[in-house]
Amino acid sequence: MVEAIKIDRLDVELKDEVLDKIPDANFDLCLTCGTCTGGCPATEQFGMDPRKLIRMLNFGMDDEIIKSDWKWVCSMCGRCQLACPMNINIPKLIFNIRNKVPRDKRPRGILGSCDQHIRTGSAMGAAKEDFEFTVLDVAEEIREDHAGFEDLEVTVDRVGAQMVLNQNSREPVTEPEEMGPLWKVLHTVGADWTYPSVMWAGENYCMFLADDEGWKYIIEEFVLHVDNNLKSPLVVNTE
Amino acid sequence: MRKFNIPHKFELITIIELYAQWIREGKLKVNSDWNKEIGAKFTVQDPCNIARKSGSNKIVDDLRFVVKTVVGEENFIDTVPNRINNFCCGGGGGALQAGFPEQRRAYGKIKYDQIMATGADYVIAPCHNCHGQIEDIGHHYGGNYHVVHLWTILCLAMGCLADTERTYLGPDLAEVGL
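Described in the following lines is the structure provided in the data block.

Scoring rules and cut-offs
- Residues numbered from 1 in each chain as written.
- Chains lettered and ligands numbered in written order.
- Predicted model: local features only at pLDDT ≥ 70, side-chain atom pairs only at ≥ 80, totals over all residues.
- Heavy atoms only, no water.
- Disulfide = S-S within 2.5 Å.
- Helix = DSSP H or I, 4+ residues; strand = E, 2+ residues; numbered from the N terminus.
- Buried < 20%, exposed > 50% of the residue type's maximum accessible area, 1.4 Å probe, protein only.
- 1 Å grid on protein atoms, 1.4 Å probe; cavity = no way out; pocket = protein on both sides within 12 Å on 5 of 7 lines; lining within 4 Å.
- Points joined across faces, edges and corners; volume = space filled by probe spheres on them.
- Core = buried A, V, L, I, M, F, W, Y, C linked by side-chain atoms within 4.5 Å.
- Contact = heavy atoms within 4.5 Å.
- Pairing = 2+ DSSP bridges.
- Axes fitted to C-alpha atoms, helices over the stretch in contact; angles between N-to-C directions.

Let us look at the state of the cysteines. All names here are of chain A. Counted under the stated rule, the structure contains one disulfide over all chains. Disulfide partner of C114: C206, at an S-S distance of 2.1 Å. An S-S torsion of about 95° defines the bridge between C114 and C206 as right-handed. Within this pair, whereas C114 is found in helix α8 (residues 108-120), its partner C206 is found in helix α12 (residues 205-208), the two being separated by 92 residues in sequence. Overall, C206 belongs to the buried group, its relative accessible area being 0%. Here C33 is not cross-linked by a disulfide; its sulfur's nearest cysteine counterpart is in C36, at 6.2 Å. In this structure C33 comes out as partly exposed when scored by relative accessible area, which is 46%. C40 supplies the cysteine sulfur nearest to C74, a cysteine that is in no disulfide, at a spacing of 6.5 Å.

Structure, rendered in structure tokens:
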């Protein structure tokens, strides 16, 4: 006689742990319909897909889940959850699986960018002094060489500006001339704006690293600077 | 800020919404005259963060409004599916730095095929991860499209794009307005 699986004997530690953090993740509601998997570009990579992941989670295959590198191929884009008839929160599950890996064992590229950001304010490791020097230098070049923009104004930490802009660190670090067109648009419409010196970069690799502490630190520092020092009512994400 | 319940006094907005607002208000006077004869074709990549993850199509509809205004409605070809139901390019979530390029590129094949199906010469990617990934899969799979920032095309339409600001343009647009 084949014995039925006794569900109450299943050890689902990872599931319980993640449900503690995301009570409405709905893992138990999976109908195994596969809609998530059909629309996921990461399906089949490393032999994994979203439906399989939820099955494994519900069967308590915690070690296999945590060991699989699939969590770094999934981009947490959320298409699976949008399509899911039961609204299962697969992206946040991935985040929490990433979080289970010891911090120093997570991908070196993401780890390095997160650490740089915490230390300097940008994932590419450009400190605020370098950032300020670069933007002011590029702005000076534009004022000198680009007709019609002799009055172009670019500032860092100008108190009371109507808007604070972030900037992906790729521009000031690797292609500073790409900032010019953005500034020209702002100049043309007469925008009253400034860059912040604290956590000025638009990216946030600590979020990708699933480093809650680092992620929170970056956001908190930024919010405190804008609210308390710059006192600007608007923050503009430039990407 | 939402995740950690960090209180803040400011409002958070994207530059795309402001571009759209400035065009509607007439502060940003742009049109597609420069592209009438050239007829360069454009498509857009909807970054997951401003599409699906923003919870609505508002920002990506603004993106389309801005792009159509500056390149001409007839020169804009959308991907299918798009906006809130877009396919992620595969560069996000740290994937560009995660150290699994083979899997990342396999992931991006769907996006590559989508872009190729539009026949567009230019992909506007208003997100640096998307920008990097779409360039990479283009090179990897042999696509001949160019990936550009939105501000590049805005300044091209405004007639103020300097010769030093044209890194991402193809030869067809390299000299426009100089």
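Applying the stated criterion to the full structure yields four cavities of 30 Å³ or more. Counted as a void, the largest cavity has a volume near 130 Å³. Lining the largest cavity are 15 residues; nearest its centre among them are A:T238, A:E239, B:P126, B:C127 and B:W151. Looking at the lining of the largest cavity, the elements that each hand over two or more residues are α1 (15-25), α4 (128-141) and α5 (150-158) of chain B.

Attention shifts here to the environment of A:T35. With respect to the element layout, A:T35 can be found in helix α2 (residues 35-38). Each C-alpha atom, one on A:T35 and one on A:Q81, is 9.4 Å from the other, the two residues being 46 residues apart in sequence.

Here we take up the nonpolar core. Counting 65 residues, the largest nonpolar core has A:W183, A:Y195, B:Y19, B:W22 and B:I153 as its most contacted members. Apart from the residues lying within four places of it in its own chain, the contact partners of B:Y19 are A:L182, A:V185, B:L28, B:V66, B:L150, B:W151 and B:L154. Counting residues in hydrophobic clusters, the runner-up holds 57 residues, among them A:I54, A:W70, A:I110 and A:V223.

Our focus in this paragraph is the sheet that holds strand β3 (residues 122-124) of chain B. Residue and element names in this part refer to chain B. With parallel pairing, the three strands of this open sheet are ordered in space as β2-β3-β4. This sheet does not close on itself; its edge strands, each paired only once, are β2 (42-44) and β4 (146-148). On average, adjacent strands in this sheet sit at an angle of 30° to one another, irrespective of strand direction. Relative to β3, β2 runs parallel, the two being bridged by three bridges. Looking at the pairing, V44 lines up with I124 of β3.

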